[in-house]
Amino acid sequence: MTAFAKMLASLSIWWILLGFIVILAALFLVFSKNQRTRPVRGQLLVLSAICLMALLFFIITFSFKGSKMAAGATAATMPRAWAVLLIPVAVLCGINILSKSNEPDPEFGPRWKMVITVAAAIFASVFLFKYIGYYLSSAVFLVLLMWLMEERRPVTLVAVPLCWVLFSYFVFAKFLFIALPAGALFEAIF
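What this report covers is the structure whose coordinates are included nearby. (Residues numbered from 1 in each chain as written. Predicted model: local features only at pLDDT ≥ 70, side-chain atom pairs only at ≥ 80, totals over all residues. Heavy atoms only, no water.)

1. Structural notes on the nonpolar core
Formed by F20, L24, F31, V40, L44, L45, L47, A49, C51, L52, A90 and I97, the largest nonpolar core amounts to twelve residues. Elements represented by at least two residues in this core include exactly α2 (13–33), α3 (41–60) and α4 (77–99). Considering every element that reaches this core, the biggest residue donor is α3, with six residues. If near-sequence neighbours (up to four positions away) are discounted, L45 is found in contact with L24, L27, F28 and F31. A5, L8, L56 and I60 belong to the second largest nonpolar core, which has six residues in total. (Core = buried A, V, L, I, M, F, W, Y, C linked by side-chain atoms within 4.5 Å. Buried < 20%, exposed > 50% of the residue type's maximum accessible area, 1.4 Å probe, protein only. Helix = DSSP H or I, 4+ residues; strand = E, 2+ residues; numbered from the N terminus. Contact = heavy atoms within 4.5 Å.)

Next comes the structure, spelled out in structure tokens:
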């Protein structure tokens, strides 16, 4: 498992993304051919993507260095905890979707621009980690996402990103002693 994890960790993000897209495209075809899964294939694809991401991060944790931090935690602790929680929940949601008569997926209509915009914002946010850091990048991302979803209340537009940044800081920096990317801008200033 460690060798496979090191191989995955050494791959370019573009190869991993390509593999991710190929797997999801194959699942799309499988879900489209089955009469039972065709009406809910969008929901099943979202759950499949969650499982794939959790599994990918779980496997990559085997390539992390094993130095222990406070309370016996390592760099692999949080990704493994998320994977152990996300995969069973996604599987149970999938079973629920298939066992009940859920509403079929809505038609892919005029909201496709929103989907593309949110996907671009996610990639931009992750790309900006290197330059402006996790905290500022995630705050800007949350404001943009809330604005796209037509949230216009100023208090909410400030409070949600601020609370998220504070929560992230205390959980990762203070509790788990994991430094999130500060970004080249803040490293140059401070």
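2. Let's talk about α2
The terminal C-alpha atoms of α2, which comprises 21 residues, lie 30 Å apart, in line with the 30 Å expected from a rise of 1.5 Å per residue. Looking only at α2, the buried set comprises I16, F20, L24, F31 and S32. The buried side chains of α2 occupy one side of the element, clustering within an arc of 140° when seen end-on. Across α2 from its buried face, at more than 90 degrees, point the exposed residues W14, W15, L29, V30 and K33. Next to the buried residues of α2 lie α1 (2–10) and α3. (Expected span 1.5 Å × (residues − 1). Arc of directions from axis to C-beta.)

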